[in-house]
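Here's the letter readout for the chains.
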Amino acid sequence: MPRYSGPLLTRDTATSLLAARVRGETHWTGSLDLSRSQGEALLESDGWHWDGSAYPYPGKLKDRTLYWWDGEDFEPVSRYAGSLIKLVPTEWGVPTFEIDGIKMLPTSKESPLDDAKRKVALVEPRGKTVLDTCGGLGYFAACCLDAGAARILSFEKNADVLWLRTLNPWSPDPDSVDAGGRLQLTHADVSLAIAQVPDASVDALLHDPPRFGIAGELYSQAFYDQLARVLRRGGTLFHYTGSPNKLTSGRDVPGEVARRLEKAGFRAQRALDGVVAVRR
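Calculation rules
- Residues numbered from 1 in each chain as written.
- Predicted model: local features only at pLDDT ≥ 70, side-chain atom pairs only at ≥ 80, totals over all residues.
- Heavy atoms only, no water.
- Buried < 20%, exposed > 50% of the residue type's maximum accessible area, 1.4 Å probe, protein only.
- Helix = DSSP H or I, 4+ residues; strand = E, 2+ residues; numbered from the N terminus.
- Pairing = 2+ DSSP bridges.
- Polar contact = N/O pair within 3.5 Å; in protein donor to acceptor, adjacent residues only side chain to side chain.
- Contact = heavy atoms within 4.5 Å.
- Axes fitted to C-alpha atoms, helices over the stretch in contact; angles between N-to-C directions.
- Parallel < 35°, antiparallel > 145°, perpendicular 65-115°, else oblique.
- Left-handed = near helix turned anticlockwise from the far one by under 90°.
- Nonpolar A, V, L, I, M, F, W, Y, C, P; charged D, E, K, R; others polar.
- Patch = residues over 30% accessible without salt bridge, like charges linked within 9 Å, V, L, I, M, F, W, Y side chains within 5 Å.
- Areas by Shrake-Rupley, 256 points an atom, 1.4 Å probe, with all protein chains shown as cover.
- Salt bridge = Lys/Arg side-chain N within 4 Å of Asp/Glu carboxyl O.
- Lys, Arg positive; Asp, Glu negative; His and termini not counted.
- Charge placed at Lys NZ, Arg CZ, Asp CG, Glu CD.
- Arc of directions from axis to C-beta.
- Phe/Tyr/Trp six-rings, centres within 6.5 Å; stacked < 30°, edge-to-face > 60°.
- Lys NZ or Arg CZ within 6 Å of the ring centre and 35° of its normal.

Observations concerning the pairing of strand β2 (residues 27-30)
- Only one face of β2 is covered, namely the one carrying W28 and G30; the face carrying H27 and T29 has none of its residues buried.
- Where β2 and strand β3 (residues 39-44) come together, four bridges link them in antiparallel fashion. The partner of W28 across the bridge, within β3, is A41.

The structure is reproduced here in structure tokens:
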């Protein structure tokens, strides 16, 4: 899919833009790519110009919503196809996303990109071939690229999530100069596609599946056996589980995951909000 290069508006940026016009200013300085960069807009009475293109002033925008220019109007960065999938701004600049109102990435204490960086560091990706099972917005892949991974094989099942990536300036572009051909992003269900990954062909593995109730197959013994098959001996895996409350849910999901990984051929222990495991 082609990458979007136009402005992204939040309610706060739109309010700031409109306030500058009301004050009679002719220029507005700020970020229209979620704090990736700063730029200047030329303000006129009936519209504004940014990066060589003209736009109308937006109407009333909702909180916790990002808007993109679809060629005719500013529309929410969201799609509905059985589930509502939405890119959501955060105080950190780097957005998260939601599926039916459920936040898919942690944002309460740090940006989702910084959270991904701590987790990626556990598998030490420099110079390695990394399997990223559930690509999402691509933050694991972005951190692997920054850390010097030799190759990243990334899978994403949901076409609408892939669309979100084309509008998110923080999602890595596989075709970019920075990626240098190292990121291979595949639209596929990894629970099926992993059968085509050769034995012992990856050096490190990142597994960030949706919660168990949505994607139980990605927590199954059969899938963990496949992870063990494709990861070389001595290779490291990080498996995000979240931190479900055992007292309220009645389940110890990280403990269950660790036991299944041990059975598949790993040495596993809890780490951060998941499990880190080394292939025996």
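As for the side chain of K119
- Tracing the backbone shows K119 in helix α2 (residues 112-121).
- Within the local environment of K119, its side chain forms a polar contact with the side chain of D273, the two groups lying 3.2 Å apart.

Concerning the environment of W170
- Within the fold, W170 resides in the loop between α4 (159-167) and β14 (183-187).
- The exposure class assigned to W170 is buried, which follows from its relative accessible area of 16%.
- Along the backbone, W170 and E262 are 92 residues apart, and their C-alpha atoms lie at a distance of 35 Å.
- In this structure W170 touches D33, L34, S35, R36, G93, V94, P95, L113 and Y139, once residues within four positions along its chain are discounted.
- Of note is the side chain of W170, whose polar atom sits 2.8 Å from the backbone oxygen of L34.

A word on the packing of helix α6 (residues 221-230) against helix α8 (residues 253-264)
- Interaxial distance between α6 and α8 falls to 9 Å at its minimum, and their mutual angle equals 50°. Classified by the interaxial angle, the pair formed by α6 and α8 is oblique. Crossing angle aside, the handedness with which α6 passes α8 is right-handed. Each of Q221, Y224, D225 and A228 in α6 lies in contact with α8, whose residues at this interface are V257, R260, L261, K263 and A264.
- Looking at the contact of α6 with α8 residue by residue, the classes come out as five nonpolar, one polar and three charged.

Digging into the environment of L145
- Structurally, the position occupied by L145 is in helix α3 (residues 139-146).
- In this structure L145 comes out as buried when scored by relative accessible area, which is 11%.
- Taking the C-alpha atoms as reference points, L145 and S78, separated by 67 residues in sequence, lie 27 Å from one another.
- Residues within four places of L145 in sequence aside, it is in contact with I152, P172, A179, R182 and L183.

Focus: a negative patch on the surface
- Among the surface-exposed residues, D70, E72, D73 and E75 lie close enough to one another that they form a single negatively charged patch.
- Within the secondary structure, D73 is located in the loop between β6 (67-69) and β7 (74-76).

Thoughts on α2
- For α2, the full list of buried residues reads P112, L113, D115, A116, K119 and V120. Across the axial projection of α2, the buried residues extend over an arc of 155°, all falling on one side.
- Residues of α2 that are buried sit in contact with α3, β15 (202-207) and β16 (231-240).

Let's talk about the sheet that holds β16
- Pairing in this open sheet of seven strands is mixed, and the strands run β14-β13-β12-β15-β16-β18-β17 from one edge to the other. Taken across any chain shown, the strands that pair with only one partner, and hence form the sheet edges, are β14 and β17 (266-271). Each adjacent strand pair in this sheet contributes to an overall mean axis angle of 15°, direction not counted.
- Relative to strand β13 (residues 151-156), strand β12 (residues 129-132) runs parallel, the two sharing four bridges. Paired with T129 across the strands is R151, a residue of β13.

Some details on the pattern of salt bridges
- Tallied over the entire structure, the rule returns 15 salt bridges.
- When the shortest N-O distance is used, the salt bridge between R23 and E25 registers 2.8 Å.
- Here D273 makes a salt bridge to K119, at a shortest N to O gap of 3.2 Å. A residue pair is termed long-range when its members are at least 10 positions apart, and D273 in the loop between β17 and β18 (274-279) and K119 in helix α2 qualify at 154 residues.

Let's talk about the packing of aromatic side chains
- A full pass over the atoms with the stated rule returns nine aromatic pairs.
- Here the aromatic rings of Y4 and W68 are separated by 5.4 Å at their centres, their planes lie at 90°, and the arrangement is edge-to-face. With a gap of 64 residues between them, Y4 in the segment before β1 (8-9) and W68 in strand β6 connect regions that are remote in the sequence.
- Among the aromatic side chains, those forming a connected cluster through ring pairs are W48, Y55, W69 and F74.
- In this structure, R21 packs its charged tip against the face of Y57, placed 4.2 Å from the ring centre.
- The ring centre of F212 lies 4.4 Å from the NZ or CZ of R251, which sits over that ring.

Describing the sheet that holds β3
- With antiparallel pairing, four strands are arranged side by side in an open sheet as β2-β3-β4-β5. A single partner strand is all that each edge strand has here, and the edge strands are β2 and β5 (53-55). The sheet shows a mean angle of 30° between the axes of neighbouring strands, direction not considered.
- The sheet strands contacting helix α1 (residues 11-22) are β2, β3 and β4 (47-50), and the helix crosses β3 at an angle near 50°.

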